[in-house]
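Structural overview
Single-letter residue listing:
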Amino acid sequence: MLLIRPARQSDMGDLMGLSHAVGTGMTSMPANEGAWLEKLTRSEASFKSPANGPTGEIYFMVLEDTKTRKVVGTTAIYAGVGLKYPFYSYKVSTIVSASGELDTTRKMRILYLVNDYTGSTEIGSLYLSADYRQPGVGQFLSRCRYLTLADFPDRFGDTVIAEMRGWQDKEGRSPFWNHLGGKFFGIAFENADKISSVKGTQIISDLMPKYPIYIDLLPEEAQNVIGKPHDSSSPALRLLEKEGFSFKGYVDVFDGGPSVEVPVQNIKTLQASRIASFAGVEELAPADDQSNLYILSNGNIAAYRMCLQPARLDEEGQIHLTQETVEALRLNKGDKIRCVKFRENRA
């Protein structure tokens, strides 16, 4: 079984392995043990803390193969971004200039350095080991976070955002960085990416230009990738769009990748989820059309667990599960669990 649970410091070895597999461009998963230790320590503290609104907590979770006990994927929720350290984005805006004497009106696109997403909830750190990229697994890893948002609403903000990796060529070069950020930092993209992931956003405050950037003054190859996701991020972006996320003109300051957003109450999986009482154990096998597959959450912050398993909802709103699922979620009869059909309302 594939089980989602909070990350632990004992996962360090597996997580470092995944970080090396990710490569550059995913700043939330640096191949640095010190940065991982800080992240895991904060995450463990977040799961143990009382719910008093988002104040910069990290809820970092892993996908564990229960047969091998290995961590094979990651997913995370960052509550209250920008409250402890500034959260920067570029906002693509339009200004209009007109001249009566020349009888002309000109529209120009501008990049503004902003902190508009301060206080929002960010979902990110989505990564799945290549050996486990089978149909449905990535979707489960992505959608499980919406059950967490529904389970613990007092821990998260009203707006949910996701930053996508920006476009790079086959050699890993970022045209946006090379023609903008690189001019001010004087270092290669992968070095800036690594420094920001380990040291935080202070280098952006120190070196990024504070004045608006006229997009038309950038080379075309840089203009063309503003808001364009990395090829590997396109499937994840499609999943987000199905949930209701949309692009509002915000892009990453390093690689120009798009940020997408949605009001938390509009997330499709969250809307479709429901609470059911665990009624008993049954022998259940996945149907050929996967119509009996559910994403299941035990809703217990102290021992949080989620899985994708067969289940049966009866007419009384009670749910029947396999013994394997009951043991994985650590349930007792009568416990309340959150569930959502895996294939329900999916495009």
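Basis of the calculations
- Residues numbered from 1 in each chain as written.
- Predicted model: local features only at pLDDT ≥ 70, side-chain atom pairs only at ≥ 80, totals over all residues.
- Heavy atoms only, no water.
- Helix = DSSP H or I, 4+ residues; strand = E, 2+ residues; numbered from the N terminus.
- Rg over C-alpha atoms; globule rule 2.2 N^0.38 Å.
- Buried < 20%, exposed > 50% of the residue type's maximum accessible area, 1.4 Å probe, protein only.
- Contact = heavy atoms within 4.5 Å.
- Lys, Arg positive; Asp, Glu negative; His and termini not counted.
- Charge placed at Lys NZ, Arg CZ, Asp CG, Glu CD.
- Expected span 1.5 Å × (residues − 1).
- Salt bridge = Lys/Arg side-chain N within 4 Å of Asp/Glu carboxyl O.
- Pairing = 2+ DSSP bridges.
- Axes fitted to C-alpha atoms, helices over the stretch in contact; angles between N-to-C directions.
- Parallel < 35°, antiparallel > 145°, perpendicular 65-115°, else oblique.
- Left-handed = near helix turned anticlockwise from the far one by under 90°.
- Nonpolar A, V, L, I, M, F, W, Y, C, P; charged D, E, K, R; others polar.
- Polar contact = N/O pair within 3.5 Å; in protein donor to acceptor, adjacent residues only side chain to side chain.

**Thoughts on the overall build of the protein chain**
In terms of helices and strands, the protein chain carries 10 helices and 15 strands. For a compact globule of 347 residues, the expected C-alpha radius of gyration is about 20 Å, and the protein chain comes in at 22 Å, within 12% of that figure. Viewed in the frame of its principal axes, the protein chain has a C-alpha envelope of about 80 × 45 × 40 Å. Out of the 347 residues in the protein chain, the part that is buried amounts to 53%. Restricting the contact set of the protein chain to residue pairs at least 6 apart, pairs at least 24 apart contribute 72%. Across the protein chain, the mean location of the 39 positive side-chain charges is 1 Å away from that of the 42 negative side-chain charges.

**Considering helix α3 (residues 137-151)**
If you check α3, its first and last C-alpha atoms are 21 Å apart, about what 15 residues at 1.5 Å a residue would give, namely 21 Å. With 14 of its 15 residues buried, α3 lies for the most part within the structure.

**Notes on the pattern of salt bridges**
The final tally for this structure, using the stated rule, is 9 salt bridges. One salt bridge in this structure joins Arg-69 and Glu-64, with 3.2 Å as the shortest N-O distance. Taking relative accessible area as the criterion, Arg-69 reaches 60% and is therefore assigned exposed. Since its relative accessible area comes to 4%, Glu-64 is described here as buried. Here Asp-169 ties to Arg-173 by a salt bridge, and the two come within 3.1 Å at their closest N and O atoms. Bridged by salt links that share partners, the residues Arg-5, Asp-11, Glu-64 and Arg-69 form one connected network.

**As for the pairing of strand β4 (residues 89-99)**
When a strand is regular, its side chains alternate between the sheet's two faces. Pairing analysis gives 11 bridges linking β4 to strand β5 (residues 104-114), with the strands arranged antiparallel. The residue of β5 that forms the bridge with Thr-94 is Arg-109. Between β4 and β5, which pair antiparallel in sequence order, lie 4 residues; one of them, Asp-103, sits at a positive phi of approximately 55°. Taken together, the 2 bridges between β4 and strand β9 (residues 246-251) define a ladder with antiparallel strand orientation. Paired with Lys-91 across the bridge in β9 is Tyr-250.

**Let's talk about the pairing of strand β12 (residues 293-297)**
β12 sits mainly inside the fold: 5 of its 5 residues count as buried. Judged by which residues are buried, β12 turns out to be covered on both faces: Leu-293, Ile-295 and Ser-297 on one side and Tyr-294 and Leu-296 on the other are all buried. Two elements, β12 and strand β15 (residues 336-341), share 4 bridges in a ladder whose sense is antiparallel. Looking across to β15, one finds that Leu-296 is bridged to Cys-339.

**Quick word on the packing of α3 against helix α8 (residues 234-243)**
Axis separation between α3 and α8 bottoms out at 11 Å; the angle between their running directions is 40°. Comparing their axes, α8 and α3 come out oblique. Of the two elements, α3 crosses α8, and the hand of that crossing is right-handed. Residues Gly-138, Gln-139, Ser-142, Arg-143 and Tyr-146 of α3 form the contact with α8, whose participating residues are Leu-239, Leu-240 and Glu-243. In terms of residue class, the contact of α3 with α8 is built from 3 nonpolar, 3 polar and 2 charged.

**Quick notes on the environment of Ile-187**
Here Ile-187 shows up in the loop between α4 (175-185) and α5 (189-199). With a relative accessible area of 31%, Ile-187 lands in the partly exposed category. When the C-alpha atoms of Ile-187 and Leu-3 are compared, they prove to be 40 Å apart, with 184 residues separating the residues in sequence. Beyond its immediate chain neighbours, meaning those up to four positions away, Ile-187 contacts Trp-177, Gly-182, Ala-192 and Ile-195.

**Some remarks on the environment of Asp-65**
Tracing the backbone shows Asp-65 in strand β2 (residues 58-65). Here Asp-65 falls in the buried class, since its relative accessible area comes to 10%. Between the C-alpha atoms of Asp-65 and Gly-124, which are 59 residues apart in sequence, the distance is 21 Å. For Asp-65, the contacting residues outside a window of four places in its chain are Met-1, Leu-2, Lys-70, Val-72 and Tyr-132. At a separation of 2.6 Å, a polar atom in the side chain of Asp-65 contacts the side chain of Tyr-132.

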